[in-house]
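Descriptive analysis of the structure
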Amino acid sequence: MLEKYRGSSLRTMSPLEEQAHGVLTPFCFKKFQEEFGRATLYSLLGENGHEFIVKYHEETTTKKRIVFWDGETATCSCKHFEFWGILCRHILSVFLHKDCYAILFTYLPVRWSREVPQSEEAPQVLEEETLLDTPIDDIHCPPISKTKGRPKTKRLKGGKEARKVTRSCGFCKKVGHNITTCPEKENIGFVNGSQKKKISSSDIGLNPIFSLKY
């Protein structure tokens with residue numbers, strides 16, 4: 001009997017592991033072995049009909065799991081099989097305690113199977129004449145969808161927006177030019193932030209020669 005398991009990836013001589021090895025893919029079987037190896041570390045605390053309470057044998061703070069198994073249907077409160085499609089350690093622990101040596105094919109899903117079962121019905125192949133006689137509906141352009149953002153049409157402006165604003169010069173407060181092109185700014189200088197009129201030497205009656213600065 002040892003010759004049968006020599007050189008294989010089986011870790012135990014359990015019929016459950018042997019059945020999973022012959023059906024599941026290598027990746028799924030490796031995950032199954034991890035759950036099956038940890039199933040032996042769980043103890044059965046209580047039993048109420050078809051409900052079993054399973055808990056880790058050492059730690060007292062671990063969460064208890066409730067397993068339902070009636071010989072055909074097996075579910076666990078951890079929902080591992082519903083999420084991964086692989087039996088959890090809690091269900092496998094109940095199988096070991098209740099001497100279950102076969103897994104129903106319901107819990108060996110097709111997506112993890114090595115061989116995908118082929119359907120008995122052969123696919124129908126349409127002949128060329130049948131394809132030509134088949135009416136083809138006209139293909140139309142898809143409906144134009146509205147783009148995001150503000151529509152391109154101009155909106156109606158309000159009273160203040162519709163009124164035309166006239167801008168005036170910031171220096172002389174007149175309309176028609178700005179402070180850069182103001183004609184009254186030629187004889188005015190800015191000293192220390194205040195406006196002062198430029199006074200020439202001829203305005204105060206001095207000789208221009210004596211007003212030179214060295």
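Going by an unreviewed UniProt entry, the protein chain carries the name Protein FAR1-RELATED SEQUENCE and comes from Rhododendron griersonianum. UniProt lists a comment for the protein chain under the heading Function (unreviewed entry), and it reads "Putative transcription activator involved in regulating light control of development." Under the heading Subcellular location (unreviewed entry), UniProt records this for the protein chain: "Nucleus".

1. Focus on the sheet that holds strand β3 (residues 65-69)
Spatial strand order, β1-β2-β3-β4: four strands in an open sheet with antiparallel pairing. Two strands bound the open sheet, and with one partner strand each, they are β1 (42-48) and β4 (74-76). Adjacent strand axes in the sheet meet at a mean angle of 25°, parallel and antiparallel pairs treated alike. Bridging between strand β2 (residues 51-56) and β3 involves four bridges; their strand directions are antiparallel. Its bridge partner lying in β3, Val54 is registered against Arg65. Against the sheet, helix α5 (residues 89-97) contacts β1, β2, β3 and β4, and its axis sits at roughly 75° relative to β1.

2. Points about the packing of aromatic side chains
For any pair of aromatic rings, the description consists of the separation of the ring centres together with the inter-plane angle of the planes. All chains considered together, the criterion is met by six aromatic pairs. Judged by centre distance (5.5 Å) and plane angle (75°), the rings of Tyr42 and Tyr56 are edge-to-face. Here Tyr42, found in strand β1, pairs with Tyr56, found in strand β2; they are 14 residues apart in sequence, far enough to count as distant. On the basis of relative accessibility, which here comes to 21%, the residue Tyr56 falls in the partly exposed class. Centroid distance Phe83 to Trp84: 5.4 Å. Interplanar angle 80°. Geometry classified as edge-to-face.

3. Comments concerning the environment of Leu92
Mapped onto the secondary structure, Leu92 falls in helix α5. A residue is classified by how much of its surface remains accessible, and Leu92, at 0% relative accessible area, is buried. Each C-alpha atom, one on Leu92 and one on Val67, is 9.9 Å from the other, the two residues being 25 residues apart in sequence. In contact with Leu92, not counting residues within four places along its chain, are Phe32, Glu35, Phe36, Ala39 and Leu87.

4. Digging into the side chain of Glu35
Structurally, Glu35 is set in helix α3 (residues 26-39). Discounting chain neighbours no more than four positions away, the residues touching Glu35 are His80, Leu87, Cys88, Arg89 and Leu92.

5. So, the pattern of salt bridges
As enumerated under the stated definition, the model contains three salt bridges in all. In this structure, the salt-bridge partner of Glu184 is Lys174, at a minimum N-O distance of 2.9 Å. Taken together, the residues Glu184 in the loop between α7 (159-162) and β5 (188-191) and Lys174 in the loop between α7 and β5 connect sequence positions 10 residues apart. For Glu184, a relative accessible area of 42% gives the class partly exposed.

6. Structural notes on the pairing of β3
Sheet topology places β3 next to β4; three bridges connect them, and they run antiparallel. Within the sheet, the bridge partner assigned to Val67 lies in β4 and is Cys76. In this structure, the hairpin formed by β3 and β4 is closed by a connection of four residues, where Gly71 is found at a positive phi of approximately 100°.

7. A closer look at the packing of helix α2 (residues 15-23) against α3
Between two packed helices, both the angle of their axes relative to each other and the distance between the axes serve to describe the pair. Closest axis-to-axis distance for the α2/α3 pair is 10 Å, and the angle between their directions is 165°. Taken together, α2 and α3 sit at an angle that is classed as roughly antiparallel. Handedness of the α2/α3 crossing: right-handed. Mapping the contact onto sequence places Leu16, Glu17, Ala20 and His21 in α2 and Phe29, Phe32, Gln33 and Phe36 in α3. Across the contact of α2 with α3, the residue classes break down as five nonpolar, two polar and one charged.

8. Some points on α5
Of all nine residues that make up α5, seven are buried, and the element is covered over most of its length. Listed in full, the buried residues belonging to α5 are Arg89, His90, Ile91, Leu92, Ser93, Val94 and Phe95. Residues of α5 that are buried sit in contact with α2, α3, β1, β2, β3 and β4. A positive backbone phi angle near 55° is found at Asp99, which sits one or two residues after α5.

Reading the values: the criteria
Residues numbered from 1 in each chain as written. Predicted model: local features only at pLDDT ≥ 70, side-chain atom pairs only at ≥ 80, totals over all residues. Heavy atoms only, no water. UniProt positions renumbered as here; feature names shortened; annotations may be inferred. Pairing = 2+ DSSP bridges. Helix = DSSP H or I, 4+ residues; strand = E, 2+ residues; numbered from the N terminus. Axes fitted to C-alpha atoms, helices over the stretch in contact; angles between N-to-C directions. Contact = heavy atoms within 4.5 Å. Phe/Tyr/Trp six-rings, centres within 6.5 Å; stacked < 30°, edge-to-face > 60°. Buried < 20%, exposed > 50% of the residue type's maximum accessible area, 1.4 Å probe, protein only. Salt bridge = Lys/Arg side-chain N within 4 Å of Asp/Glu carboxyl O. Parallel < 35°, antiparallel > 145°, perpendicular 65-115°, else oblique. Left-handed = near helix turned anticlockwise from the far one by under 90°. Nonpolar A, V, L, I, M, F, W, Y, C, P; charged D, E, K, R; others polar.

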